[in-house]
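Residue strings, one per chain:
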Amino acid sequence: IEHPSMGAVVSHEFGSKDNMPPYVAVPQATEFAGTGYLGSQYGPFGIGSDPGRSGYQVRDLLLPPGVDDQRFYTRQRIRDVVDDHFRQVAKNAQALSAMDDFYQLAYSMISSPAARNAFDVTKEPEAVRNQYGQTSAGMRFLLARRLVESGVRFVTVSYGGWDHHAGIESAMNRQAPEFDQALAGLIADLNERGLLDSTMVLVTSEFGRTPKINATAGRDHYPRVYSLAMAGGGLKQGLVYGSSDSTASEPEDNPVRIEDLLTTVYHQLGINADKELMAPGARP
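Residues numbered from 1 in each chain as written. Predicted model: local features only at pLDDT ≥ 70, side-chain atom pairs only at ≥ 80, totals over all residues. Heavy atoms only, no water.

Q: Explanation requested: the overall build of the chain in the structure shown.
A: Looking only at helices and strands, the chain features seven helices and 10 strands. Principal-axis analysis of the C-alpha atoms gives the chain an extent of 65 × 55 × 40 Å. For the chain, the residues scored as buried account for 37% of the 284 residues in total. Nonlocal contacts in the chain, meaning residues at least 24 apart in sequence, comprise 65% of its contacts between residues at least 6 apart. (Helix = DSSP H or I, 4+ residues; strand = E, 2+ residues; numbered from the N terminus. Buried < 20%, exposed > 50% of the residue type's maximum accessible area, 1.4 Å probe, protein only. Contact = heavy atoms within 4.5 Å.)

Q: Explain helix α5 (residues 136-149) to me, please; I cannot follow it from the model alone.
A: Between the first and last C-alpha of α5 there are 20 Å, a value that for 14 residues agrees with the 20 Å anticipated at 1.5 Å per step. Most of α5 is tucked away: 13 of the 14 residues are buried. Of the residues one or two after α5, G151 is the one with positive phi, at around 120°. (Expected span 1.5 Å × (residues − 1).)

Q: Sorry, what's going on with the pairing of strand β2 (residues 23-26) here?
A: For a regular strand, the rule is simple: side chains alternate between the two faces of the sheet. Taking every second residue as pointing to the same face, both faces of β2 are buried, with Y23 and A25 on one and V24 and V26 on the other. Across four bridges, β2 lies against strand β4 (residues 154-159) in parallel orientation. Within β4, the position partnered with Y23 by the bridge is F154. As paired strands, β2 and strand β3 (residues 45-46) are joined by two bridges and run parallel to one another. By the bridge assignment for β3, V24 is matched with F45. (Pairing = 2+ DSSP bridges.)

Q: Just checking my understanding: could you explain the packing of aromatic side chains for this structure?
A: Think of a pair of aromatic rings as described by two things: how far the centres are apart, and how the planes are tilted against each other in angle. A complete count under the given rule lists six aromatic pairs for this structure. Taken together, a centroid distance of 5.9 Å and an interplanar angle of 70° make the contact between F45 and F119 edge-to-face. Here F45, found in strand β3, pairs with F119, found in the loop between α3 (113-118) and α4 (126-132); they are 74 residues apart in sequence, far enough to count as distant. Of the two residues, F45 and F119, neither departs from the other in class, the shared state being buried. For the ring pair F141 and F179, a centre distance of 5.7 Å and an interplane angle of 80° mean the geometry is edge-to-face. Here F179 lies in helix α6 (residues 168-192) and F141 lies in helix α5, a separation of 38 residues in the sequence. Each of the two residues, F141 as well as F179, counts as buried. (Phe/Tyr/Trp six-rings, centres within 6.5 Å; stacked < 30°, edge-to-face > 60°.)

In structure tokens:
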């Protein structure tokens, strides 16, 4: 895994709901989570803080010091006047519309106690926090569950750096246990709350690692074979699909390509994976 492992928690519905953004990145969006030609309105809301650390606070969810509700309302009205002027002279109305959508969602989140509460992992009982592990990984996955339960449609969780070109054994011993407990806690918690069938959990990476250990006791980049984990979302449980050869050098039985994986995800979400979309420049 070259870059942080990504845990995606996906609800079966789309769009903003209950004053919550449709897409949240925990703790923040990575450079690989851009929206391309779809536009910034499809980008994630990055919380900008680690829920597993002391002093955790969601960026932009509270009013700045010295700004009360009345002053905030006045600022909104002033901004509306400025926006009206730019709408009359701007050439890129789509960009302005996207920004307006962001602002409206931000206003609703700030004014909604329920929305602010959804981001607060300390509201969870101690036993639940211990189930996930009161670690960076544990609190990120717990926050993901709280967000999905509160109406967020898609949550991306990034955790750790896994580019172990050297010292892979000590690095895995340091990072993997937190991740293992957090993921197990998430799946069990979703199941106990009756949310697992309507929520897909996807653990993925950029690519695999070389079958052999290198000279610095690490493993290098290797795109031929790697594994993914999926849970919930109406998928079969307890299933291992596909296999590699004995050295994990090549796929052997039922190889799964990236497009196969994504088609499975789209199918479970009710998306037609065969529909052709056109990017600017008439590129399919």
